[in-house]
Amino acid sequence: MRPLAPISNPLRIALGILFFVLFVAGWAYATFGGYVSPTFLADPVTMLKDGWYLLTRHNFSFDIGITIWRVVGGFILAAIVAVPLGILMGAYKPIEAFLEPFVSFARYLPASAFIPLLILWAGIGELQKLLVIFIGSVFQIILMVAVTVSSVRRDLVEAALTLGARDQGILGRVLIPASAPDIAEILRLVLGWAWTYVIVAELIGSSSGIGHMIIDSQALLATGQIIFGIIVIGFIGLISDYLFKAVNRWLFPWSLS
Amino acid sequence: MSKLRIENVSRIFPAVHGGTPTRALQPIDMIIGDNDFVTILGPSGCGKSTLLRMVAGLDTPSTGRILLDGHAVTRPGAERGMVFQSYTLFPWLTIAENVAFGLREKGVPQRERMDIVRQWLERVGLTSFANHYPKQLSGGMQQRTAIARALANDPAILLLDEPFGALDNQTRALMQELLLGIWERERKTVLFVTHDIEEAIFLASRVVVMSARPGRIKADIRIDLAYPRHYTVKTSPDFSVIKARLTEEIRAEAVLAAGV
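What you see is a predicted model, and the numbers here were worked out from it, not measured in a lab.

**Observations regarding the nonpolar core**
In summary, soluble globular proteins display a tendency toward joint burial of nonpolar side chains.
Thought 1: Ranked by size, the top nonpolar core spans 135 residues in total, and within it Ile133, Ile141, Ile142 and Val145 of chain A together with Leu41, Val55 and Leu191 of chain B carry the most contacts.
Thought 2: In terms of residue count, the dominant contributor to this core is helix 6 (residues 126-150) of chain A (15 residues).
Thought 3: Leave out the neighbours within four places in its chain, and leucine 191 of chain B touches Ile32, Val38, Ile40, Leu52, Val55, Ile157 and Leu159 of chain B.

**Description of the pairing of strand 8 (residues 189-194) of chain B**
Residues and elements named next belong to chain B.
Thought 1: Counting buried positions along strand 8 yields six of six residues, so the element is predominantly enclosed.
Thought 2: Here strand 8 shows a buried face lined by Thr189, Leu191 and Val193 and a second buried face lined by Val190, Phe192 and Thr194.
Thought 3: Judged from the five bridges that link them, strand 3 (residues 37-41) and strand 8 form a sheet pairing that is parallel. Counterpart to phenylalanine 37 in the pairing with strand 8 is valine 190.
Thought 4: Where strand 7 (residues 157-161) and strand 8 come together, five bridges link them in parallel fashion. Residue leucine 158 lies in a different strand from strand 8, and its bridge partner there is valine 190.
Thought 5: A crossover connection joins strand 7 to the parallel strand 8 through helix 5 (residues 169-186); in handedness this β-α-β unit is right-handed.

**Observations concerning the packing of helix 2 (residues 95-106) of chain B against helix 3 (residues 110-123) of chain B**
Residues and elements named next belong to chain B.
Thought 1: Across the interface, helix 2 lies against helix 3 with an axial gap of 9 Å and an inter-helix angle of 130°. Classified by the angle between their axes, helix 2 and helix 3 sit oblique to one another. Remark: the crossing between helix 2 and helix 3 carries right-handed chirality. Contacts between helix 2 and helix 3 involve Ala96, Val99, Ala100, Leu103 and Arg104 on the former and, on the latter, Arg113, Ile116, Val117, Trp120 and Leu121.
Thought 2: Along the lines of polarity and charge, the residues of the contact of helix 2 with helix 3 split into eight nonpolar, no polar and two charged.

**Comments concerning the sheet that holds strand 9 (residues 206-210) of chain B**
All names here are of chain B.
Thought 1: Overall, mixed pairing links the six strands, which are arranged 6-7-8-3-9-10 in an open sheet. Each edge of the open sheet carries a strand with a single partner, namely strand 6 (80-83) and strand 10 (217-222). Each strand axis lies, on average, 15° off the axis of its neighbour in the sheet, ignoring direction.
Thought 2: Of the strand pairs in this sheet, strand 6 and strand 7 are connected by four bridges, and their pairing is parallel. Paired with valine 83 across the bridge in strand 7 is leucine 160.
Thought 3: Its contacts with the sheet place helix 4 (residues 139-152) against strand 6 and strand 7, and it is angled at close to 175° to strand 6.

**Topic: helix 7 (residues 154-162) of chain A**
Thought 1: For helix 7 of chain A, the complete set of buried residues consists of Leu156, Glu158, Ala159, Ala160, Leu161 and Thr162 of chain A.
Thought 2: Glycine 164 of chain A sits one or two positions beyond helix 7 of chain A and adopts a positive phi of about 95°.

Reading the values: the criteria
- Residues numbered from 1 in each chain as written.
- Chains lettered and ligands numbered in written order.
- Predicted model: local features only at pLDDT ≥ 70, side-chain atom pairs only at ≥ 80, totals over all residues.
- Core = buried A, V, L, I, M, F, W, Y, C linked by C-beta atoms within 7 Å.
- Buried ≥ 20, exposed ≤ 12 C-beta atoms within 10 Å, placed from the backbone.
- Helix = DSSP H or I, 4+ residues; strand = E, 2+ residues; numbered from the N terminus.
- Contact = placed C-beta atoms within 7 Å.
- Pairing = 2+ DSSP bridges.
- Right-handed = clockwise from strand over helix to strand, strands pointing away.
- Axes fitted to C-alpha atoms, helices over the stretch in contact; angles between N-to-C directions.
- Parallel < 35°, antiparallel > 145°, perpendicular 65-115°, else oblique.
- Left-handed = near helix turned anticlockwise from the far one by under 90°.
- Nonpolar A, V, L, I, M, F, W, Y, C, P; charged D, E, K, R; others polar.

The following block contains the structure:
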């Protein structure tokens, strides 16, 4: 192996799959070989059986759907608020000076710690779940978008100024298009984090969703079901990540290296 | 007739972290005539780019004022087009859209805009690249686009800050001929900053030599080589005489600047 030397596409895919295979093999070895008690860790076959049971008998696809809707709903609300605010903060220094200290502080407030409060304020309905995602995502997006917008190449802004661009033109025709691919990348990243918040939100005060299934299964010591739930989340994350990347490639062909 | 008047303009950069302020430019007076092609020649760090940026309105003089057609320069504007040393095409716009940027900002109607863009792409030989993105073009092509983008705006003066500095020698020579050809036809007032002596002479109707930091004007020489200038002029005796003289002027300054 030479540092930074590229590899062929088929080899890259094969190596990527190989790790999954090794991972499952190690898991199977530990469980079927009797090295781990089935009480604590189900084997892969039990996991699949439990998963099938969940899907066919317990309408688990409904739980998956409701969890996806919570993540996407809360995330879109956060993006609608945070992206414009972040752009304004990045573009205008007084707005940045006004908001940045508070947002930096709010970013470190753990979304999960708000759950008891949110239950008091919004009950245990959908609104509370959306708010957890919203609080967890909104400050992160604002700050990252602001940094991206404020670090747009200065010489591009200067070029636009010498071409007669005025303040609005600089914002709309330079700062926003220049940072659009990075903003899309930020949204992809934060959507990944939103998945961790939704499960926490569903572990407490919820009667549906993947997180609710997981906490129910814990009471029954059904580790196969828990693992199935976790793996489902992983796969949904993988798919949403892939979709996001595909959309970004399609929207911003000019930014491809 | 004077196009650009630089009156007593100096620039002092304020001190950082308790250091001493940096005097980048001594007070300078300069008058640039209409249709002149003036190159500002100086060693690196002599404040020549600072002077150009102040003319563009991207930097503010510490003293003095700059007048273009009698109006004081206070901010950047479309009447002072600029080509930068770094590649500053907007990467998200195609070559044609880049050239149209200033026209769109001015509100020129679509049809007229497209006509102007087509003309300029033809003049810089990039018609077949109209729909390419900047990153698909070589450095020379990108700078040609940048020149077309600045000129499509029909500025009163064109400012160029070492625009060919990052190009290889052959491309650089071709770009000089292209720019000179455009100037011979359009007769725009041009202010061109460079540290390359040959480039300064070949392009200019007048070369202004600047001293090492803090910059001031050291020599001001008219170049009376005939137009249209062919690249072979670079090997002519007249050219060599001017080059020898400027080499002496610049060398003394470079020695000062380098502190050797």
